[in-house]
Amino acid sequence: MFKRSFEESPALDTRALVWMVVSLAAAAGAHWNHVPVWLLGFACVSVFWRTRVYQGKWSAPSTWVKGGVMVVTSVAYVFSTQAQFTVETAVGFFVLAYALKLLELNQRRDAFLFSFMTLFLLCLGFLFTQSLFVSLYIFIAMGLSFVALMAVNQSLKSRSIGATFKGVYGSMAVAAPLLIVMYLFFPRFGPLWAMPLKSSTAFTGLDETMSPGDVANLAQSGERAFRIVFNGPRPAYRDLYWRALILDRYDGTSWKRSFSQTNRDRQGAVRPGARTQTEQWDYEVLLEPHNREWGFALDDAKVARGAPFSTPDQLVRFMRDVKSPEWYRVINQAEEYRESAQSFARFSSLPQGSNPRTAEWAKQLRETTPDAGTFIKTVLTRFNQEPYAYTLSPPLLTSPNRIDEFFFDTRRGFCEHYASTMAFILRAANIPSRVLAGYQGGEWNEQGGFLVVHQYDAHAWVEAWLPERGWVRVDPTAAVAPQRVESGIRDAVAEEGTFLQNTPLSLARYNHIGVFAWVTNNLEYMNYMWQKWVVNYDQEKQSSFFKRWFGDSDMKTMLMILAGVSMMVFLVLSLLTLKAEWRRNKGDPMVRLYRSLLNRMHKKGLLLDAGLTPGQALALAIKKWPRQRKLLRQIFSEFEQNLYADDGGGSPDRVRRLKRDIKQLALNP
């Protein structure tokens, strides 16, 4: 009997198919920038194909056709992803299977499976981002999936669209208190996306290689890189140099991290030496996922709290790639810095015969300017007084000696052109130097009181070693375009109008307009609060929360509190639901009359469960009183029509008519 009922699966009605297509569009929309465009196009083709089949204009695809489509699309997907297994390709393959499932969607059991796939696909969206607005989108899309499930289960026939949405999202809202309790009290473990899953996306664009053109392309992005909250006074805008990478090896074309520097970046900071009296900064960084192991901090950084650690070069490093938002606190701890003779050789080496014109110019200037500090000032004066230009659209450098071509011929470039040239000149003059890559500046958010650093704030500069001062920042871009480090890249390129020219729809491009600045700042503030208090609610914050409210608690105590609070919340929600149901039924005269009839039958020897439908109760009543068959059918038919009527039934005329019929009912043995 069970087997037979399982195999009998009725076909879908039109409403169920429509809602499943709507939920499919919402689920696929959550991954529009994670999967190939042609895959989303194939999903649209599947929807069109399935619709035509349902309309009877096309025949349903045979097993051979479905198998052929599956093989062709799978092979095409493998080739389009170059057979790489990453998070993106895994999710994309699930989208492909999801779209293929639609082609054989015909019966209710297929529809149930399809709906569960929809919910799973929506949850996969959190692998890539957990921002406030994406979370709201997934929440709304899940509601659509639940509506589709109701349609599959044929629960929408007696409901309007408004009542359906009210019921679905109302039920999700009722579950929210229990969800909040579970989130606050359940032991915090690292999320799935914090595991070392391979991804093909590099979010920041900063890499271990810098050559003219790389950072210029990154500067056209308005995406957020990280946020900073200062615990106390904040530095001046011109001092906001957020260090990330030290590029110490020049191969004639690009600056890269050497093997020695890479190993150094993986070491914890152990720097004996006397502290210097400098102004102390204390700030917190909320870092966006960027699929790399480095963080960002000002000079003399020391990580005070959080997952990362400080390196001997005062950089911030994580033990793994950052695939989810990370929080850490930094203080500046300036100490006397010591370099070895081997390090000086590494920071002074150049390829043999590289850029001979610039090298010769630097050597001649060094002969007449033996003091390193004076030499640096002279080079910066040349950048400032001669016709060098700062631009986001520099000309291509085609010569094998790119620095020669830029320094003497084109003289138009972005920060990496100037940083690369400056570091080369210093090394040619036997002054140890290195290129720093990171960000400079940021945008202050008045509503939240924090600084936002965007991708267009990407910057490159130089650090030179002076024996009496240690490593000293040298920024040739500041000599060419002072407004770049004083107020930001927007002002630096205001005349040529190239700021975010490739992203005309970005709100950041119009932040100089009052209303756009207000909207952007408020959206940024809401997203920041979400990231800080929800997404970044980790073990450390949970522990602080417990200590504040419950003192020192172990895991057993936490679980007991979780169970107790969950039971209390569940009990309160249950009582509120029962109270609402009791009020609704108590106020319905038709329900009261139906229960009165059941009680009367109970007194006459027939116990009917209140959960039985009128049709089921009728069958049992006829067996008990077969002589009253006609009147019983009339009475229970009236109840069935009125109890499940769209208008709620229970009109005074209907109630009076039923009361009259019930009085005529003789329940004798």
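As a reminder, the structure under discussion sits directly above these lines.
What you see is a predicted model; the values in this text were computed from it and never measured. Numbering of residues starts from 1 in every chain and runs along the sequence as written. Predicted model: local features are reported for residues with pLDDT of at least 70 only, side-chain atom pairs are reported and counted for 80 or more only, and whole-chain, interface and lining totals are derived from all residues. To obtain the side-chain values, all non-hydrogen atoms of the structure were included, while hydrogens and water were left out.

Student: Looking at this structure, I do not really get helix 23 (residues 614-624). What am I missing?
Tutor: One turn of the α-helix equals 3.6 residues, which is why residues spaced by three or four share an orientation. Taken together, the buried positions of helix 23 are Pro-614, Ala-617, Leu-618, Ala-621 and Ile-622. Seen from one end, helix 23 has its buried residues packed into an arc of 135 degrees, which puts them on one side. The inward-facing, buried residues of helix 23 contact helix 22 (589-603) and helix 24 (629-643). Between buried and exposed lies partly exposed: a residue is buried under 20% and exposed over 50% of the maximum accessible area for its type, with that area taken using a 1.4 Å probe on protein chains only. The way it works is that DSSP assigns letters per residue, a run of H or I at least four long becomes a helix, a run of E at least two long becomes a strand, and they are numbered from the N terminus. The directions considered for the arc are those from the helix axis to the C-beta atoms. Pairs of residues are marked as contacts when any of their non-hydrogen atoms sit within 4.5 Å.

Student: Help me understand the sheet that holds strand 6 (residues 282-287), please; the structure alone is not making it clear to me.
Tutor: Spatially, the six strands line up as an open sheet ordered 7-10-6-2-15-14, and their pairing is antiparallel. On the outer flanks of this sheet lie strand 7 (301-306) and strand 14 (443-445), each paired with one strand and no other. Pairwise comparison of adjacent strand axes, ignoring direction, gives a mean angle of 30 degrees for this sheet. For strand 2 (residues 224-230) and strand 15 (residues 450-454), the ladder comprises four bridges, and the chain directions are antiparallel. Counterpart to Phe-226 in the pairing with strand 15 is Val-453. Two strands pair under a simple rule: DSSP has to find at least two bridges between them. For helices, the axis comes from a line fit to the C-alpha atoms of the stretch in contact; other axes are also lines fit to C-alpha atoms, and the angle between any two N-to-C directions lies between 0 and 180 degrees.

Student: I would appreciate a short explanation of unusual backbone geometry in the present structure.
Tutor: Backbone phi values are negative for most residues with the exception of glycine, while trans is the configuration of most peptide bonds. Phi angles above zero are rare outside glycine, and Asn-291 is one such case at about 65 degrees. Looking at the secondary structure, you find Asn-291 in the loop between strand 6 and strand 7. Backbone geometry places Asp-300, a non-glycine residue, at a positive phi of 55 degrees. Relative to the helices and strands, Asp-300 resides in the loop between strand 6 and strand 7.

Student: Quick question: what am I supposed to make of the packing of helix 14 (residues 402-410) against helix 15 (residues 415-428) here?
Tutor: Angle between the axes and distance between the axes: these two values describe a pair of packed helices. One way to put it is that helix 14 packs onto helix 15 with a least axis distance of 10 Å and a crossing angle of 105 degrees. Taken together, the axes of helix 14 and helix 15 are roughly perpendicular relative to one another. For the pair helix 14 and helix 15, the contacting residues are Ile-403, Phe-406 and Phe-407 in the first and His-417, Tyr-418, Ser-420, Thr-421, Phe-424 and Ile-425 in the second. By the convention adopted, Pro, Cys, Tyr, Trp, Phe, Met, Ile, Leu, Val and Ala count as nonpolar, Lys, Arg, Asp and Glu as charged, and the other residues, Gly among them, as polar. Residues belonging to the contact of helix 14 with helix 15 are distributed by class as follows: six nonpolar, three polar and no charged. Any angle between 65 and 115 degrees counts as roughly perpendicular, while under 35 counts as roughly parallel, over 145 as roughly antiparallel, and the rest as oblique.

Student: Just checking my understanding: could you explain the pattern of salt bridges for this structure?
Tutor: Note on pairing: side chains with opposite charge can pair once their charged atoms come close. A side-chain nitrogen of Lys or Arg and a carboxyl oxygen of Asp or Glu constitute a salt bridge if their distance falls within 4 Å. According to the stated counting rule, one finds 24 salt bridges in the structure shown. The residue Glu-104 makes a salt bridge to Lys-66 at a minimum N-O spacing of 3.8 Å. On the criterion of sequence distance, the pair formed by Glu-104 in the loop between helix 5 (87-103) and helix 6 (108-124) and Lys-66 in helix 4 (residues 63-80) is long-range, its members being 38 residues apart. Taking the shortest distance from any N to any O, the salt bridge between Arg-657 and Glu-638 comes out at 3.8 Å.

Student: Please explain the pairing of strand 6 as it appears in this structure.
Tutor: A regular strand places its side chains on the two faces of the sheet in alternate fashion. Counting buried positions over the six residues of strand 6 gives six, a clear majority of the element. Here strand 6 shows two buried faces, one formed by Asp-282, Glu-284 and Leu-286 and the other by Tyr-283, Val-285 and Leu-287. As paired strands, strand 2 and strand 6 are joined by five bridges and run antiparallel to one another. Paired with Val-229 across the bridge in strand 6 is Glu-284. Both strand 6 and strand 10 (residues 326-332) contribute to a ladder of six bridges, which runs antiparallel. Bridged to Tyr-283 within strand 10 is Val-330.

Student: Sorry, what's going on with empty space enclosed by the protein here?
Tutor: Whether a set of points on the 1 Å grid over the protein atoms alone is a cavity depends on a 1.4 Å probe fitting there but being unable to get out, while an open set qualifies as a pocket with protein on both sides within 12 Å along at least five of seven lines; lining residues are those with an atom within 4 Å of a point. Grid points are joined across faces, edges and corners, and a volume is the space filled by probe spheres set on the points. Per the stated rule, a full pass over the model turns up four cavities of 30 Å³ or more. If you add up the space inside the second largest cavity, you get close to 60 Å³. Lining the second largest cavity are Pro-212, Tyr-250, Thr-253, Leu-397, Arg-402, Ile-403, Phe-406, Glu-416, His-417, Ser-420 and Thr-421. With four residues, the single largest contributor to the lining of the second largest cavity is helix 15. Residue composition of the lining of the second largest cavity, by class: five nonpolar, four polar and two charged.

Student: Honestly, the packing of aromatic side chains in this entry has me stumped. Any pointers?
Tutor: Only centres within 6.5 Å qualify two rings of Phe, Tyr or Trp (six-membered ring in Trp) as a pair; their planes then separate them into stacked at under 30 degrees, edge-to-face at over 60, and tilted for everything else. In this structure the tally under the stated criterion is 35 aromatic pairs. Geometrically, the ring pair formed by Trp-465 and Trp-471 is edge-to-face, given 5.4 Å between the ring centres and 75 degrees between the ring planes. Comparing Trp-465 with Trp-471, the two get one shared label, buried. Aromatic ring contacts, followed pair by pair, group Trp-361, Phe-383, Tyr-388, Phe-406, Phe-407, Phe-408 and Tyr-418 into a single cluster.

Student: Help me understand the sheet that holds strand 16 (residues 458-466), please; the structure alone is not making it clear to me.
Tutor: Backbone hydrogen bonds are what pair the strands of a sheet, in a parallel or an antiparallel way. Read across the sheet, four strands follow the order 3-13-16-17 without closing on themselves; strand pairing throughout is antiparallel. Because the sheet does not close on itself, it has two edges, and the strands there are strand 3 (241-247) and strand 17 (470-474). The mean angle between the axes of side-by-side strands here comes to 35 degrees, regardless of whether they run parallel or antiparallel. Summarising the sheet, strand 3 and strand 13 (residues 433-440) pair through six bridges and their orientation is antiparallel. Looking at strand 13, one finds that Arg-243 is bridged to Gly-438. Packing against the sheet, helix 13 (residues 372-385) makes contact with strand 16 and strand 17, and its axis sits at approximately 150 degrees to strand 16. The sheet contacts of helix 15 involve strand 13, strand 16 and strand 17, and relative to strand 16 the element is tilted by about 15 degrees.

Student: How do you make sense of a nonpolar patch on the surface when you look at a structure like this?
Tutor: Taken together, the side chains of Phe-133, Leu-136, Ile-513, Val-515, Phe-516, Trp-518, Val-519, Leu-523 and Met-526 present a nonpolar region at the surface, about 770 Å² in accessible area. Of all elements in the fold, only helix 7 (132-152) and helix 19 (514-535) reach the threshold of two or more residues within the nonpolar patch. Of all the elements, helix 19 adds the most residues to the nonpolar patch, at six residues. You can see Val-515 is positioned in helix 19. Each patch is built from residues lacking any salt bridge and having more than 30% relative accessible area; the joining distance is 9 Å for like charges and 5 Å for nonpolar side chains (Val, Leu, Ile, Met, Phe, Trp, Tyr). For every accessible area listed, the method is Shrake-Rupley and the probe measures 1.4 Å; residues are considered covered only by the protein chains on display.

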